[in-house]
Amino acid sequence: MTIEVRTKLDFKKMAKEIRERQKKALEEVLEETQTEIIERTGGGQDVNGAPFPAYTPEYARFKSGFKAPKKLKSGKYQNKSTARPGKPRFGAGKVDLNYTGKMLAAIRAKVTRAGAGLLGRIYFNNADASAKARGHMEGYRNHNRNKIRKFFALSDAQIKRILERLRKAING
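Residues numbered from 1 in each chain as written. Predicted model: local features only at pLDDT ≥ 70, side-chain atom pairs only at ≥ 80, totals over all residues. Heavy atoms only, no water.

Draft legend 1. Highlighting the overall build of the chain. Secondary structure summary: the chain contains five helices and two strands in total. What you see in the chain, going N to C, is helices and strands ordered as α-α-α-β-β-α-α. Looking at the chain as a whole, 25% of its 172 residues qualify as buried. In the chain, the share of contacts with a sequence separation of at least 24, taken over all contacts with a separation of at least 6, comes to 61%. Of the roughly 12,700 Å² of accessible surface on the chain, a fraction of 54% belongs to carbon and sulfur atoms. (Helix = DSSP H or I, 4+ residues; strand = E, 2+ residues; numbered from the N terminus. Buried < 20%, exposed > 50% of the residue type's maximum accessible area, 1.4 Å probe, protein only. Contact = heavy atoms within 4.5 Å. Areas by Shrake-Rupley, 256 points an atom, 1.4 Å probe, with all protein chains shown as cover.)

Draft legend 2. Up close: the layout of surface pockets. When its volume is computed, the largest pocket comes out at roughly 500 Å³. Elements supplying a minimum of two residues to the lining of the largest pocket: α2 (57-63), α3 (102-105) and α4 (127-138). No other element matches α4, which puts three residues into the lining of the largest pocket. (1 Å grid on protein atoms, 1.4 Å probe; cavity = no way out; pocket = protein on both sides within 12 Å on 5 of 7 lines; lining within 4 Å. Points joined across faces, edges and corners; volume = space filled by probe spheres on them.)

Draft legend 3. Local environment of the pattern of salt bridges. Overall, the coordinates contain seven salt bridges when judged by the stated rule. Between Glu4 and Arg6 there is a salt bridge whose closest N-O contact spans 3.3 Å. Among the ionic pairs, Glu32 bridges to Arg165, the shortest N-O distance being 3.0 Å. Here Glu32, found in helix α1 (residues 11-42), pairs with Arg165, found in helix α5 (residues 156-171); they are 133 residues apart in sequence, far enough to count as distant. Residues participating in the shared-partner salt-bridge network are Glu28, Glu32 and Arg165. (Salt bridge = Lys/Arg side-chain N within 4 Å of Asp/Glu carboxyl O.)

Purely geometric stuff here, so don't read any function into it on its own.
Okay, structure coming up:
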């Protein structure tokens, strides 16, 4: 006695559907993560949620809109107390890594094929923004190395969420 069950599964079609679901899920989660990085940074927090180290007093004064003291013919600088306030800049009081807005605005997310799989990247779309970010992440030459601000990275929770979303996409 025999019971037979026959089916004709189209494994190529199934694999294509899984790849499409996985690509869509990866695109969505990377866009969300890109937004989280920008918002977290604008809120003055690093990848682990800790506040960024404070700006130096000189830079905080500069960013708040005070003009630098003039250099006099004698080579000395005018008294700092006579410096006039200039136009206040965006986010002058807090460490938000936003001077012109160009660095954070240059963050992009993209998914491409990589062999049989997918490659998801969050990156800077221009070299100047990438160099500024590297300076914040690694410290600038000739500057205080204690002012490293780790903002362009993924937290363990973000990595876990990305992997979970991809697992769900594969399982349907």
